[in-house]
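# Fold and geometry: a report
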Amino acid sequence: MWDDSRPMVLAKGMLFPDKVRLSKAAKMYNVKECREMTVLESSPDVYMVVCRKWFTGCYWMLRASKKNTGLWKVGIYIPTHICEMDTFNGNHYNLDIDSISLVLIPHLEASIKYKIKSALHQSTMNMVIPLPKERHFSGANVRLKLFMVTGTSHLQLYPSTWPHCNTLTLGRLLNGSLSVVRVNHNIFNYVFWAFKPAIDGFPHCRPVISIDDTHVYGKYDIKLLIVIAVDANGQIFPLAFAICSNESQETWTLFLNHLKEHVVKQRSGICLISDRHCGILSSVENLPAWKEPYAYYRYCVRHFKANFQKAHPNKDLHDLMWMAATDHQEHKFRRHMESIRQEDERTYHWLMRHELHK
C-alpha cells in the first residue's frame, strides 16, 4: 500500500487508496527524477501514464486499474527512463499548482500563517527543482482555501471572536484599508472592503461613480458588488467591493451606506450611475445621502439600451436612441427624439414614459 511518508518509489502490484494519490505519486516520482510524463488514458477504472518522450524511444510507463475493493493497483510498470535528464528551472510539465499545494498542506494545517519563504525551502527539499515564488504563493493560496472549506472551520480557528459577530464588524486591514463583515448566527452574509489607495485617491477623481454586480462562479452562488470612479486621466479607478449572498434592497442599502461612510465621506455633488435594478432604485430612494443636492442618481445608458433592444428589435431605432441618450445638447436630443417619433410612434411613447433627466 502506498504511504505518503515513504520515499517516492513505484513498483508493480503497489496499491493506492484512490486515483488522486496514484496521480500524485506518478507526478512526484517524475519530478524527482527530472523527467516528464503525460496521461495516455484516464477513465473511472483505468489510469495510464507514459514518458513524454515515449514516441522518441523512452518507454517508461505505469498502468493501474481500479479493483472491486475500491483500491487502485499498478498492473504494468516499466520503471526505467532511458531519455536524458533535464534541468527545468521551475517549468516542469507535471509540477502544477495542485501538486505544490499537496506538499504544503501539512504545514498549512499546522499553521495558517505558514510563510512563503518556508514553502520555498520545503518544496525545494521535496521536489529538487527550484520554483518561482509566484507558484508557491498560488499553491499555498489554493490549498488554504480548500483547507478552510473542507478542513477545520473558521469557527474552530477563531472560537473567541465569531460568537460576537452577530451584526456588523468593522476591521482595519493593512496600511489603512478597511473591511466590514456581517455575520448572523455564525453564518456569513456580507463583506465590504476598500483599499487605502482607493480611499485616498477618490477626492482627486471626477465626481462620477458607477455601481454594478456580477456573479461569482464557484461552489457558492454569491454576488460581487463593485463601485468604480474615473480618474483625471479618464482611466477606470476601482473604489470598493462587497460580496453578498444575493442582490437585494438590503444588500444594496448596506453597500451604499458603507460607500458613503468610508469612501465618499463628506464629498457632495456626486453623480451615481447604475442599471435600473429594483434593489438599487429602492435603496437610493430611501437614502437621503444619495439624493439631490448631496448626490445625483442617473441610469446607465448601456443597460438602458440593452432593455430597449429587447423591447424594440430595430437597428435604426437602436442607433437613434443611442444618439439621443449620448448627446450633450438639448436641441440635438430633441431632434433625435423627433426622428424616433417619425420612425415609430409606439417606441417614442415608450421612451417618454421614462425619466428623461436621468
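Since the structure is predicted, the reported quantities are computational estimates derived from the model, not experimental observations.

### So, the confidence of the model for the chain
Of all residues in the chain, 70% attain a pLDDT of 70 or more, and the chain-wide mean is 76. Note that residues 133-169 has pLDDT below 50 and, in this model, 70 contacts with residues that lie over four places away or in other chains.

### Some thoughts on the state of the cysteines
Applying the stated criterion to the full structure yields 0 disulfides. The thiol of C51 is not disulfide-bonded; the next cysteine sulfur, from C58, is found 3.6 Å away.

### Points about the packing of aromatic side chains
Counted by the stated rule, this structure contains 9 aromatic pairs. With 6.1 Å between their ring centres and 90° between their planes, W60 and Y77 make a pair best called edge-to-face. Highlighted residues: W60 in the loop between β3 (46-51) and β4 (61-66) and Y77 in strand β5 (residues 72-78), separated in sequence by 17 residues. Residues W60 and Y77 agree in their burial class; the two are buried. Consider the rings of W193 and F241, whose centres lie 5.6 Å apart with planes at 25°: the pair is stacked. Highlighted residues: W193 in strand β8 (residues 187-194) and F241 in strand β11 (residues 236-244), separated in sequence by 48 residues. In textbook terms, an aromatic cluster arises when at least three aromatic residues are bridged by ring pairs, as seen for Y29, W60 and Y77. The aromatic ring of F202 is capped on one face by R267, whose charged end is 4.8 Å from the ring centroid.

Reading the values: rules and limits
- Residues numbered from 1 in each chain as written.
- Predicted model: local features only at pLDDT ≥ 70, side-chain atom pairs only at ≥ 80, totals over all residues.
- Heavy atoms only, no water.
- pLDDT = per-residue confidence, 0-100.
- Contact = heavy atoms within 4.5 Å.
- Disulfide = S-S within 2.5 Å.
- Phe/Tyr/Trp six-rings, centres within 6.5 Å; stacked < 30°, edge-to-face > 60°.
- Helix = DSSP H or I, 4+ residues; strand = E, 2+ residues; numbered from the N terminus.
- Buried < 20%, exposed > 50% of the residue type's maximum accessible area, 1.4 Å probe, protein only.
- Lys NZ or Arg CZ within 6 Å of the ring centre and 35° of its normal.

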